[in-house]
Amino acid sequence: MKILTNDSADKSSNAGAAGPVSPGRRTWLKAAGALTGLTLTVGHSGLVMAADATKYGGDAMPGGVVDDVLVFLSIAEDGTVSIIGHRSEMGQGVRTSLPMVVADELGADWARVRVVQADANQSRYGSQDTDGSRSVRQSFLAMRHVGASARQMLETVAAARWNVPVTEVSTVNHEVVHTASKRRLGFGALAADAAKQPVPAKDRLKLKSPDQFRYIGKNSTRGIDLHDIVTGNTHYGIDTRLDGMLYAVIARPPVFGGKLVSVDKTAALKVPGVVQIIELQGSPPPTHFNPLGGVAVLAKNTWAAIKGREALKPVWDDGPNASYDSANFHKTLQDLAGNPAKAVRDQGTVVDTLAAAKRTVKAEYYVPHLAHATMEPPAATARIVNGKCEVWACVQAPQATLELVAQHLKIQPADVTVHVTLLGGGFGRKSKPDFAAEAALLSQAMNGVPVKVTWTREDDIQHDYLHTVSVEHMEAALDASGKTTAWLHRTAAPTITSIFKAGADEQAPFELGMSAINVPFAIPNIRVEVPKVEAYTRIGWLRSVSNIPHAFAVQSFAAELAHEARRDHKEYLLELLGPARKIDPRTMNDGWNYGESPEIYPVDIGRMRNVIEVATAKAGWGRKLPKGRGLGLALSYSFVTYVAAVVEVEVNAAGEISIPVVDIAMDCGPQINPDRVRSQIEGACIMGLSLATTGEITFKNGRVEQSNFHNYTVLRAAGAPSEIRTHLIPHDLDTPLGGVGEPATPPIAPALCNAIFAATGKRIRTLPIRNQLAKT
């Protein structure tokens, strides 16, 4: 079947002249919307949601969803099936999971399948953004259509050759078989004629029933890249090498919003291997995904470039954020969170109920800035030949990368090709392709010579799009029986939209819709407030985004209320949830709902209750534990998936913690690739523990104080749980798919801190934990 492959695909083309170096606001707000499943636009009063009540999920994404077999699949004469992988692979297994769906519907032998990574081409492949825990959720049905279309085209040709009804043939393990006559033909023998067949209409596609699945929902499918990763035969962004390539590192302004005044290049140019030094213009806030500017050192190898950078003598104007101090800003956030603010959800009479209550509880929680710290720092290579630019980069947002490069080079998008490499981790950082634009601009400055820009670990940590910092203020009223009658949540944090819109100082609907405004408790009086908060650094999305601080506060506070009421935490949390029912998120003022239809994806309290019951049962909730040990519970609804976690912790006499076991129950709907689901849960657990115990970025004089893993510590093997037990809730395909990559992160920190309280009686409200339990 000679079906068009990526090699023969047309380049993505967004008609119109190349934009200015500072991209148009609408372009980048749409890029921000890629995180949320929304398209954002600009009205007279600022950010508003585009009115499009008929589109949700993948259909609402820029580029939408494509299910054309002629785009995604080809079969060679030898029978090799090539399937396009259009999402970025960063360890989550999407290069296996989506092609595996195609292969299953097709009836292919997985051992004879190869996956071809798509270049950036949104008009051809649909949305390629790989974030928001939505790749499989929004592409599963489309990939089934691709496989089923190819299967029916092959079956039609085979039936015609044998002069039998097409209903009598079927695909079995890379062949089309006529059981009655025992005739069979391999895919390769049928491919050429099948390619001439019309593509079946969607309403004529016959999808397989689950009992026919060979790969979907099974645990036996080998990861398509696993052998190459283990043997070192893969291509990550940092691995790119081209003939005549120069290697670059960049000295960027140490303070966000700063700029270069002057630089003495004399000593740097004397470093052996240094070829050229180039000044890069920065972009004043809001910076979008633009480079920060600075001084680039180009050399014959990365080490020479690094040593050359060390020899530079730059003078910086630190700009308006020179006084940013995270300790002082913590106090500012406390002041803002401690005073009444704009209500974004106001149900009942919270203020009056709190004022009249005889029994109230107050608490305040703090989560600092966090860095992505991917194991592979950002890296990109670019070259320009005859006015056309090629980029090789480890990016999560290929189309945004293409458009950004075109705008900075002032060329047509059709003249840019972005080759997506494997990503050594992403977590949202590599959705922002500033590093790809840097490489393109340096290649242009060198008359098209290939240039690879490598971010060192210090660059990565000190110039990241950081997770926001927040103070979460909580208040509740309890009646005489200990039942919660009023709930107030005031959340103070800089907003992600500050990188897209000047003056943005209020959390956007998608941020509030992450475990704050949509708290689903059966409490008669609920109020959520959001004060205005300025941003003084680049804020970006990090795995599970605002669910991190919001869930930490909500789930910790629920445990505090249970303790105040002298009730078991699990039973109290179930009481807060109330009976099993389905809630339209719009009734909680959540018009976002992770970009999904509120009819298809209501908030299901029954599923919430179930994951709590499963996780606590598997953990042995209620059992007697030795002194210094405790169990902690937390619940999270994020990316339309339900997760409950129970952490068992041991705190020794010195205040050191160890974690014997973590039980995590996840209800993400049907599990398409269960092995990868479990891996994602385990990884999210480790990341959640890392940010809870040690993760913190601090600022002094506008500068990030951390620089590498010696002072931005991540969880080491010795601190990891002895065992992580995952419990997947089974579903058939009638249940819509949920997200997987992020939802297990938010409940980990509160479950851990609740366990510490159970073990020691000490309440942790400020992250990271670090030495707060140390004995003095």
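Residues numbered from 1 in each chain as written. Predicted model: local features only at pLDDT ≥ 70, side-chain atom pairs only at ≥ 80, totals over all residues. Heavy atoms only, no water.

Asks: Teacher, can you tell me more about the packing of helix α19 (residues 674-693) against helix α20 (residues 748-760) here?
Replies: In a packed pair of helices, the relevant descriptors are the angle between the two axes and the axis-to-axis distance. At their nearest, the axes of α19 and α20 sit 8 Å apart, and the two run at 60° to each other. It follows from the interaxial angle that α19 and α20 lie oblique. You can see that α19 and α20 cross each other, and the crossing is right-handed. Residues Ala 684, Cys 685, Gly 688, Leu 689, Leu 691, Ala 692 and Thr 693 of α19 touch α20, and the partners they reach there are Ile 748, Ala 749 and Leu 752. For the contact of α19 with α20, the per-class residue count stands at 8 nonpolar, 2 polar and no charged. (Axes fitted to C-alpha atoms, helices over the stretch in contact; angles between N-to-C directions. Helix = DSSP H or I, 4+ residues; strand = E, 2+ residues; numbered from the N terminus. Parallel < 35°, antiparallel > 145°, perpendicular 65-115°, else oblique. Left-handed = near helix turned anticlockwise from the far one by under 90°. Contact = heavy atoms within 4.5 Å. Nonpolar A, V, L, I, M, F, W, Y, C, P; charged D, E, K, R; others polar.)

Asks: Looking at this structure, I do not really get the environment of Lys 618. What am I missing?
Replies: Looking at where Lys 618 falls in the secondary structure, it is placed in helix α18 (residues 605-619). By relative accessible area, Lys 618 is classed as partly exposed at 48%. Leave out the neighbours within four places in its chain, and Lys 618 touches Asp 663, Arg 725 and His 727. (Buried < 20%, exposed > 50% of the residue type's maximum accessible area, 1.4 Å probe, protein only.)

Asks: Just checking my understanding: could you explain α20 for this structure?
Replies: For α20, built from 13 residues, the straight-helix expectation of 18 Å at 1.5 Å per residue is met to within 8% by its first-to-last C-alpha distance of 18 Å. The buried fraction of α20 amounts to 11 of the 13 residues, a majority that puts the element mostly inside the structure. Those residues of α20 not exposed but buried are Ile 748, Ala 749, Pro 750, Ala 751, Leu 752, Cys 753, Asn 754, Ala 755, Ile 756, Phe 757 and Ala 759. Directly after α20, the chain includes Gly 761, whose backbone phi takes a positive value near 80°. (Expected span 1.5 Å × (residues − 1).)

Asks: Even after reading the chapter, I still don't get the nonpolar core, so can you show me in this structure?
Replies: One recurring pattern in soluble globular proteins is that nonpolar side chains are buried together. Core analysis: the largest hydrophobic core is formed by 117 residues, its most contacted members being Trp 487, Phe 521, Phe 557 and Leu 752. Contact partners of Phe 521, with chain neighbours within four places excluded, come to Trp 487, Ile 526, Val 554, Gln 555, Leu 573, Leu 576, Leu 577 and Arg 581. Within the second largest apolar cluster, 47 residues are counted, among which are Ile 75, Val 94, Met 100 and Leu 737. (Core = buried A, V, L, I, M, F, W, Y, C linked by side-chain atoms within 4.5 Å.)

Asks: Whenever I open this one, the packing of aromatic side chains confuses me. Can you help?
Replies: Each aromatic ring pair is described using two quantities: the centre-to-centre distance and the angle formed by the ring planes. Applying the stated criterion across every chain yields a total of 17 aromatic pairs. Among the aromatic residues, those joined into a ring-pair cluster are Phe 510, Trp 592, Tyr 594, Tyr 637, Phe 639 and Tyr 642. Over the face of the ring belonging to Trp 455 we find Arg 429, whose NZ or CZ atom lies 5.0 Å from the ring centre. (Phe/Tyr/Trp six-rings, centres within 6.5 Å; stacked < 30°, edge-to-face > 60°. Lys NZ or Arg CZ within 6 Å of the ring centre and 35° of its normal.)

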